[in-house]
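# Secondary and tertiary structure notes
Each chain, letter by letter, is given below.
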Amino acid sequence: CLSDVDLTGFYEIIADDKIIKILHSSLQDLQIFHQESKLLPRGIIDTQIMANFCGFGFNVGYSNLVEDIFTTQLDKGQQRSDWQRRALSSKQIEYALLDVLFLREIHDKFLTILTSKKRLSWYFEEIENFLGRIFVKKDEAMFKDFSFRNKTPNEISQIKNLILLREKWAQKLNIPKRHFLKDEMLEK
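Only a predicted model underlies this, so the values are computations on that prediction, with no experimental measurement involved.

## Details of the overall build of the protein
From N to C terminus, the protein includes eleven helices and two strands. N-terminal to C-terminal, the α/β element order of the protein is α-β-α-β-α-α-α-α-α-α-α-α-α. Principal-axis analysis of the C-alpha atoms gives the protein an extent of 50 × 45 × 35 Å. Each of the 188 residues in the protein was classed as buried or not, and the buried ones make up 33%. For the protein, the share of sequence-separated contacts (at least 6 apart) that also reach a separation of at least 24 residues comes to 58%. Counting only carbon and sulfur atoms, one obtains 53% of the accessible surface of the protein, whose full area is about 12,400 Å². With 28 positive and 27 negative side-chain charges, the protein shows a spacing of 4 Å between the two charge centroids.

The following block contains the structure:
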């Protein structure tokens, strides 16, 4: 939020395990919620993780799921627009609404698939592991998603230092770390 809004109630909902929150590709959102509130998000459903267990592939995008399941194409033109500029345009507001509109239906469909394939417990195990990993503060946890194969010890050290520096600056600027510096750029 760009204004001085009290988000305490919102963060309490995010941390309430009795209230189910359905997100897609939730990693950065959850990290920001945790960083800002110091509360652990609970009751999280991530449709991207569910999609993997349902046979839609690893890291499938929300718009691809909407197109595959509902044969509806989403206009992603506003994705990279200036979201800090106020007032938001009507196109930005429409984009934001469409970006969550299908989440409940996707969740319900995936729940049916996972139940019929007897994979629901697999999903719940994975989401618990996922949530546990993203809130670990240890430096080594930040390095696990990077390949250090064929790198010299000096290159590995430099990449790890860049990862830590990116984390620090992203937190200081209150932006997702991948918006500050993409993973691919760190490994080059």
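## Comments concerning the nonpolar core
By size, the foremost hydrophobic cluster in this structure holds 31 residues, and its most contacted members are Leu30, Ile106, Phe110, Tyr123, Phe130 and Leu131. Going through the elements one at a time, α1 (8-15), α2 (27-37), β2 (44-46), α3 (47-53), α4 (62-70), α6 (103-116) and α7 (120-134) are the ones with two or more residues in this core. Residues within four places of Phe130 in sequence aside, it is in contact with Ser26, Leu27, Leu30, Asp46 and Ile49. Counting residues in each nonpolar core, the second largest holds seven residues, with Met142, Phe143, Phe146 and Ile163 among its members.

## Here we look at the pattern of salt bridges
Following the criterion strictly, the structure yields five salt bridges and no others. For the salt bridge of Lys76 with Asp99, the shortest nitrogen-to-oxygen distance reads 3.3 Å. Here Lys76, found in the loop between α4 and α5 (90-101), pairs with Asp99, found in helix α5; they are 23 residues apart in sequence, far enough to count as distant. Judged by its relative accessible area of 26%, Lys76 is partly exposed. Between Arg104 and Asp108 there is a salt bridge; the shortest N-O distance is 3.4 Å. Of the two residues, Arg104 and Asp108 are both situated in helix α6; the distance of four residues between them amounts to about one turn of the helix. Take Arg104: its relative accessible area is 57%, and that puts it in the exposed class.

## Here we look at the environment of Phe124
Tracing the backbone shows Phe124 in helix α7. According to the relative accessible area criterion, Phe124 is partly exposed, its value standing at 41%.

## Remarks on α4
Every buried residue of α4 is accounted for by Tyr62, Ser63, Leu65, Val66 and Ile69. Within α4, the buried residues cover an arc of 160 degrees as seen down the axis, which keeps them to one side. Buried residues along α4 sit against α3, α5 and α6.

## Looking at the packing of aromatic side chains
Within this structure, the stated rule accounts for eight aromatic pairs. Aromatic ring contacts, followed pair by pair, group Phe10, Tyr11 and Phe33 into a single cluster. Above the ring of Phe148, the side-chain terminus of Lys160 is found at 5.5 Å from the ring centroid. The lysine or arginine in question, Lys172, covers the ring of Trp169, its NZ or CZ lying 4.9 Å from the ring centre.

## Some words on the packing of α2 against α7
As a packed pair, α2 and α7 sit with axes 10 Å apart at the nearest point and diverge in direction by 50 degrees. When the axes of α2 and α7 are compared, the pair comes out oblique. Helix-helix and strand crossings are classified by hand; for α2 and α7 the assignment is right-handed. Taken together, the residues of α7 that come into contact with α2 (itself represented by Leu27, Leu30 and Gln31) are Phe130, Leu131 and Ile134.

So, how was this worked out
- Residues numbered from 1 in each chain as written.
- Predicted model: local features only at pLDDT ≥ 70, side-chain atom pairs only at ≥ 80, totals over all residues.
- Heavy atoms only, no water.
- Helix = DSSP H or I, 4+ residues; strand = E, 2+ residues; numbered from the N terminus.
- Buried < 20%, exposed > 50% of the residue type's maximum accessible area, 1.4 Å probe, protein only.
- Contact = heavy atoms within 4.5 Å.
- Areas by Shrake-Rupley, 256 points an atom, 1.4 Å probe, with all protein chains shown as cover.
- Lys, Arg positive; Asp, Glu negative; His and termini not counted.
- Charge placed at Lys NZ, Arg CZ, Asp CG, Glu CD.
- Core = buried A, V, L, I, M, F, W, Y, C linked by side-chain atoms within 4.5 Å.
- Salt bridge = Lys/Arg side-chain N within 4 Å of Asp/Glu carboxyl O.
- Arc of directions from axis to C-beta.
- Phe/Tyr/Trp six-rings, centres within 6.5 Å; stacked < 30°, edge-to-face > 60°.
- Lys NZ or Arg CZ within 6 Å of the ring centre and 35° of its normal.
- Axes fitted to C-alpha atoms, helices over the stretch in contact; angles between N-to-C directions.
- Parallel < 35°, antiparallel > 145°, perpendicular 65-115°, else oblique.
- Left-handed = near helix turned anticlockwise from the far one by under 90°.

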